[in-house]
Amino acid sequence: MDKATKTAAPTDGKPAKKAGPAKLSPMMERYREVKSQNPGSLLLFRMGDFYELFYEDAEVASKVLGLTLTARDKGSANPTAMAGFPYHSLENYLHKLIRAGYRAAICEQVEDPKKAKGLVKREVTQVVTPGTLTDEALLDPRESNYLASVFVGKSLVGLSWLELSTGKFLTSELELSQLPDELARLRPAEILVSENPAREEELLPALNLRGMVVSQRPPWAFAADQCRKRLVEHFQLKTLEGFDLEENSPGVVAAGALLEYVQETQKSSLSHIVRLEPLRRGGNLIIDEATRASLELTRTLREGRREGSLLDIIDETVSPMGARLLAEWLSNPLTEIKQIDARLDAVEEFSLDAVLCRGIRDELSKVYDLQRLTAKVATLRASPRDLGCLARTLALLPKLKAKLSGRGAELLKLLEADLDLCAEVRADVELNLVDDPPLLTTDGGMIRSGFDAKLDELRELARGGKAWIAKYQAAEMERTGIPNLKVGFNKVFGYYLEVTAAHWSKVPDDYIRKQTLKNQERYITPELKEYEDKVLRAEDESKLLEAELFTALREQVAAHVTRLKNTAEVLAEIDVLCGLATLASANGYCRPQLCVEPVLDIREGRHPVLDKLQPTGEFVPNDVLLGMPADDDGRASRGRVQIITGPNMAGKSTYIRQAALLTVMAQMGSFVPASEARIGIADRVFARVGASDELGKGQSTFMVEMTETARILNTATARSLVILDEIGRGTSTYDGISLAWAVTEFLHDSIKCRTLFATHYHELTDLTATLKHASNWNVAVHEQGDGIVFLHRIVEGAADKSYGIHVARLAGVPSQVVQRATVILETLEADHLNEEGRPTVPARRKKGGEKQLSLFVVEEHPVFDEIRNLKIDEMTPLAALEELNRIRQQLKR
Ligand code: ADP
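This is a predicted model, so every value here is computed, not measured. (Residues numbered from 1 in each chain as written. Predicted model: local features only at pLDDT ≥ 70, side-chain atom pairs only at ≥ 80, totals over all residues. Heavy atoms only, no water.)

J.: Hey, could you go over the pairing of strand β22 (residues 676-680) for me, with residue numbers and the actual values?
T.: Note: strand β18 (residues 593-595) against β22, three bridges, orientation parallel. Residue glutamine 593 lies in a different strand from β22, and its bridge partner there is arginine 678. Bridge analysis of strand β19 (residues 600-605) against β22 gives four bridges, and the strand direction is antiparallel. Residue pairing for β22: arginine 603 is matched across the bridge by glutamate 676. (Pairing = 2+ DSSP bridges. Helix = DSSP H or I, 4+ residues; strand = E, 2+ residues; numbered from the N terminus.)

What follows is the structure, encoded as structure tokens:
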């Protein structure tokens, strides 16, 4: 259904053309069987040192991966299309396939080919999909990679999401209309939906988001009862009530369907998924999709990149776990003052103690991605090197814990208490593994000597055997007089003696010839073979034993997954708090004071991104004063609506965005770029960028703008913060002004929220004449020689109307033209004004019909009063008719 979904070629492994009489080989039979068990995935079939793809899969792979398309059984009537790559390039090719939106089933040889009787056994060990990546080589360490699942229930929609690489698993319930915003916040790599979802026509557009792959699942995967059962079994519970989840609710169904998919694709333990958290709304600042985009919170608007976004600018974390948590905090700011203050207390404490903060960051910068390592342990995919990294990370904890002790902030005390050193885990690993363990479990060299007596013995034997071979080579050289006699080794016949042509005459009789090459001959001797057996056997056995010991160790560590996960979360949080403290100190941010009153009182505020990108000191700070009583500190009006006028490029957008960004930052628990800030908690932030930047895109852009505007008007509350930038610009001037005018009135009168409206429509400044809580602001400009300099300073009052003509004069437009333009401007202005010199926009009526005194008073016709005063119940029908006729005559006059 979704174009983004790319399932593999719809083959079940059968040859494209009708198979001829030739029977398939047993291996190709197996291929077909496995392929049919994994529909919708490209099958990577391990054959020796290669992964091969066949039939249509091979064609896809050759296109997507640039592999050469060859054929198996070339000579036969039905050659099979084939493409492959060496096993060690798996990561690289998988990455490309997944990024292109494909899924891949990896079919491995699950027994040692040397020991196999007949065909080597092959099984799919993992299906890799965009949302189920766990391999760090395929993941961006700083980003969460979510798999989401959507279930449309009778009234609410269940949305569940999981980060498989860390085991974080959540579920929520929401209105279908809220789904796009939630998905925009999470940006899942893959979304699961039923093939046959309820309210399909409404659901599909909601899923149609950039860069997300939609995977359809059979309807049974969403069967409520099964879903509940699956979750209960996984978490080994009797009911889900402990997670505060209502059985059979849409959120549970979505989570159950998600778990099914993960079990199906991973085919491994999922013991790191230890809980399912319901996400309750209410405790968070709601930021819709369009606002997220226009504020460039985690991505830039144009290029969709992290670089240049607010997240990028405020990210001072030193670990990937911290970077991911910071992104989560920023995407999900809080609304509870207590919770925010808890974070701010911690940030403040770190920011006041630079030495401590630096010390902690130094330690944190050495930790590995404990969250992802833990998940690998749980899924039994951790390599020896992974366990080595885990132990090294745990080894840093005692010092970190010591640094955290004795802190004043409650949150830091809590984190310190929660930081579990997992000392036994560390001891187990350190005791078992060498200091720098290898990547593979198969080649040995990972278990520390002295740990297992049997292993030491085997190793000694293997090493001794090798020494013997060296000695043997020397002795044979002497016995035969062949100076360059050499003992070599190959896979086919093991150890051999190699003699070059010049010395063939000296070869003794007891040498058994095995191979003749161009210039050399290779021999074996019974003595050599005997030792070879010993060495190789010992080596093989020691490797096997090492693998066994390692597996046991990994299982031992896996028993502590929950503790390791908690510790990883603590590390992430400390990293974020230290990072925010560093950000605050390095850039002169202040601690915001949060309050319930809907005010915004920011002194010398700066736009965090521009401030950092511009050379120090170049950004011009501005105050933002909204919603405060006028007499608060003797300054001018402090209404809750500000209309900011001024020419393009003056700094209007920057100023209004800055207000929204600082609010978001404060509510996530960060200090803000200002000298002082008092911020009333917002329940929602709305930001709309008008069509100004996209003029020329036509009607549809305007439609989008109006749809978004409609949404603000329908959902904003008195506690919200709304910033509007050039709303109404995508249509004709009159339309645009009228809409902007009416929208502002509505926000001011009905919603009563804090609003910043940037516009270059000068007409809108007249709004303040009728709107009690609105004020005009503009951007100061300075004439300098023959040019104008934008001071980027926001000052109270409306912008100069004839600014454009001003610029024309300065630019050297002949004075005759300038004068004429001034006259035309005056005429145009006059046209918009009534006799009293006020703009000609119709009057509004207040609720209850009471006449409102406004600038655009239109006199009411006297007949209205006459009608109002009629005593209808005392009149005969005829008298009423006569009266009606009289009124009609009167109106005709
Ligand atoms: P407008 O919305 O009025 O068209 P912008 O807010 O987009 O203008 O600002 C235009 C440019 O002016 C910005 O890209 C930035 O380079 C600069 N600018 C804006 N505000 C400031 C400021 N306060 N200090 C320094 N430069 C600023």
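J.: Any chance you could break down the site of the ligand for me, citing the residues and the numbers?
T.: Surveying the vicinity of the ligand reveals 13 residues, the closest of which are Val620, Met649, Lys652, Ser653 and Thr654. Lysine 652 has a polar backbone atom sitting 2.9 Å from an oxygen atom of the ligand. Taken by itself the ligand offers 560 Å² of open surface, and the protein chains cover 79% of this. Per element, the largest residue contribution to the shell around the ligand is three residues, and it comes from helix α21 (residues 652-668). Here the residues of the shell around the ligand are counted per class, giving five nonpolar, six polar and two charged. (Near = heavy atom within 4 Å. Polar contact = N/O pair within 3.5 Å; in protein donor to acceptor, adjacent residues only side chain to side chain. Areas by Shrake-Rupley, 256 points an atom, 1.4 Å probe, with all protein chains shown as cover. Nonpolar A, V, L, I, M, F, W, Y, C, P; charged D, E, K, R; others polar.)

J.: Can you explain the pairing of strand β8 (residues 157-163)? Please cite residues and give values.
T.: For β8, the tally of buried residues reaches seven of seven residues, placing the bulk of the element in the interior. Neither face of β8 is exposed, since Val157, Leu159, Trp161 and Glu163 on one face and Gly158, Ser160 and Leu162 on the opposite face are all buried. Pairing geometry for strand β7 (residues 147-152) and β8, over six bridges, is antiparallel. Within β8, the residue paired with serine 149 across the bridge is serine 160. Adjacent in sequence and paired antiparallel, β7 and β8 are bridged by four residues. In this sheet, strand β9 (residues 168-174) lies alongside β8 in antiparallel orientation, the contact comprising seven bridges. What sits directly across from valine 157, in β9, is leucine 174. Taken together, β8 and the strand that follows it, β9, pair antiparallel across an intervening segment of four residues, in which glycine 167 is found at a positive phi of about 90°. (Buried < 20%, exposed > 50% of the residue type's maximum accessible area, 1.4 Å probe, protein only.)

J.: Let's hear about the state of the cysteines: which residues, and what values?
T.: In protein chemistry, a disulfide is the covalent bond that joins the sulfur atoms of two cysteines. Scanning all chains against the criterion turns up zero disulfides. With no disulfide of its own, cysteine 357 lies 3.9 Å from the sulfur of cysteine 578, the closest cysteine sulfur. For cysteine 357, a relative accessible area of 4% corresponds to the buried category. (Disulfide = S-S within 2.5 Å.)

J.: Mind laying out helix α6 (residues 224-235), listing which residues take part and the relevant values?
T.: Side chains three or four residues apart in an α-helix point the same way, a direct result of the helix having 3.6 residues per turn. Between its first and last C-alpha, α6 extends 17 Å over 12 residues, near the 16 Å set by a 1.5 Å rise per residue. Every buried residue of α6 is accounted for by Cys227, Arg228, Arg230, Leu231, Val232, His234 and Phe235. (Expected span 1.5 Å × (residues − 1).)

J.: Account for the sheet that holds strand β6 (residues 122-128), naming residues and giving values.
T.: Strands sit in the order β3-β4-β2-β1-β5-β6 across an open sheet of six strands; the sheet is mixed. Looking at strand neighbours, the two that pair on one side only are β3 (70-72) and β6, the edges of this open sheet. On average, adjacent strands in this sheet sit at an angle of 35° to one another, irrespective of strand direction. Summarising the sheet, strand β5 (residues 104-109) and β6 pair through six bridges and their orientation is antiparallel. Within β6, the residue paired with isoleucine 106 across the bridge is glutamine 126. (Axes fitted to C-alpha atoms, helices over the stretch in contact; angles between N-to-C directions.)

Limitation: the analysis is restricted to geometry and does not speak to function.
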